[in-house]
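Commentary on secondary and tertiary structure
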Amino acid sequence: MKKFKFSINGSKFETSVNELENNQFEIEVNGTTYTVDVEREAAAAPKTTPGKVASIATPNSAAGTVATTKSPLPGSIVKVIAAEGTKVAKGDTILTMESMKMENEIKAECSGTVAKIYVAAGQNVMQDDKLFDIKAEGVIAAAPVQTAPTAAPTAAPKATATGEGKPIKSPLPGSIVKILVKEGQAVKRGETILTMESMKMENEIKAEKDGVITAIKVTVGQNVMQDDDLVIMA
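Residues numbered from 1 in each chain as written. Predicted model: local features only at pLDDT ≥ 70, side-chain atom pairs only at ≥ 80, totals over all residues. Heavy atoms only, no water.

Before going further, it helps to examine the sheet that holds strand 12 (residues 130-136). Spatially, the 4 strands line up as an open sheet ordered 5-12-10-7, and their pairing is antiparallel. Unpaired on one side and paired on the other, strand 5 (66-70) and strand 7 (87-88) mark the two borders of the sheet. (Pairing = 2+ DSSP bridges. Helix = DSSP H or I, 4+ residues; strand = E, 2+ residues; numbered from the N terminus.)

Here it is, written out as structure tokens:
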């Protein structure tokens, strides 16, 4: 069982995650236990923009194509940032939603104009419900083609004062988006160590205690499986 501590809008949460059978997880949040079904993917898709979610835009479409972004998981809309008619750039945050007690940014798949918003703050949505449409400007790049998993490149070992310590492990399969610390760096409890994308959502992995990063076991863009070591803290 893996334990995590994090905060959302100033509220602190303590969670533990225990994998059951048949792609089910038992998640305890502040003493309340939930059973969650997780749909696993054969391999994480190559990514270009953090927070990217799937859309139904036609690959290599000309300007004027409408790209529809859908909810990656059941959840609740926290805030709608962009209004209909707003000009947005690829990667701009359109809205935020809470799912599995985590707040996630849903970003624009392409540059263009927000044509329609299907949801409002406080609304509950199911997986694959429509969130918003963007009328594209320019060409929408073809979606990356999923290929068979390949061995992730191994980071070259770095000299550290000590390689001993407690590992922070990946809570779910996903892809490393950003590493915010360096080996030998002192960090405080709750400080973000790295961000990773899992199930089309970007999540922050935080330090569970005050300590020093003695080893970083992953690189940006690397795919990881559940329970893979991310960093070592002493």
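Moving on: the pairing of strand 6 (residues 75-80). Pairing geometry for strand 6 and strand 11 (residues 124-125), over 2 bridges, is antiparallel. Counted as the bridge partner of serine 76 is asparagine 124 from strand 11. When strand 6 meets strand 8 (residues 93-99), the two strands line up antiparallel, connected through 4 bridges. Among the inter-strand pairings, lysine 79 is bridged to a residue of strand 8, identified as threonine 96.

Counting residues in hydrophobic clusters, the biggest one holds 18 residues, and the most contacted among them are Ile94, Leu95, Leu131 and Phe132. Examining the composition of this core, we find that 4 residues originate from one element, strand 12, more than from any other. Not counting residues within four places of it along the chain, the set of residues in contact with leucine 95 comprises Ile77, Lys79, Val80, Ile81, Asn104, Glu105, Ile106, Val119, Leu131 and Phe132. Counting residues in hydrophobic clusters, the runner-up holds 16 residues, among them Val187, Ile205, Ala207 and Val218. (Core = buried A, V, L, I, M, F, W, Y, C linked by side-chain atoms within 4.5 Å. Buried < 20%, exposed > 50% of the residue type's maximum accessible area, 1.4 Å probe, protein only. Contact = heavy atoms within 4.5 Å.)

As a further point, take the sheet that holds strand 18 (residues 211-216). The pairing of strands in a sheet happens through backbone hydrogen bonds and is either parallel or antiparallel. What the 4 strands build is an open sheet, ordered 13-20-18-15; its pairing is antiparallel. Edge strands, defined here as strands with exactly one partner in the open sheet, are strand 13 (166-169) and strand 15 (186-187).

Inspection of every chain in the model, using the stated rule, returns 5 salt bridges. Among the ionic pairs, glutamate 204 bridges to lysine 206, the shortest N-O distance being 2.9 Å. The partly exposed category is assigned to glutamate 204, whose relative accessible area is 48%. What makes lysine 206 buried here is its relative accessible area of 17%. (Salt bridge = Lys/Arg side-chain N within 4 Å of Asp/Glu carboxyl O.)

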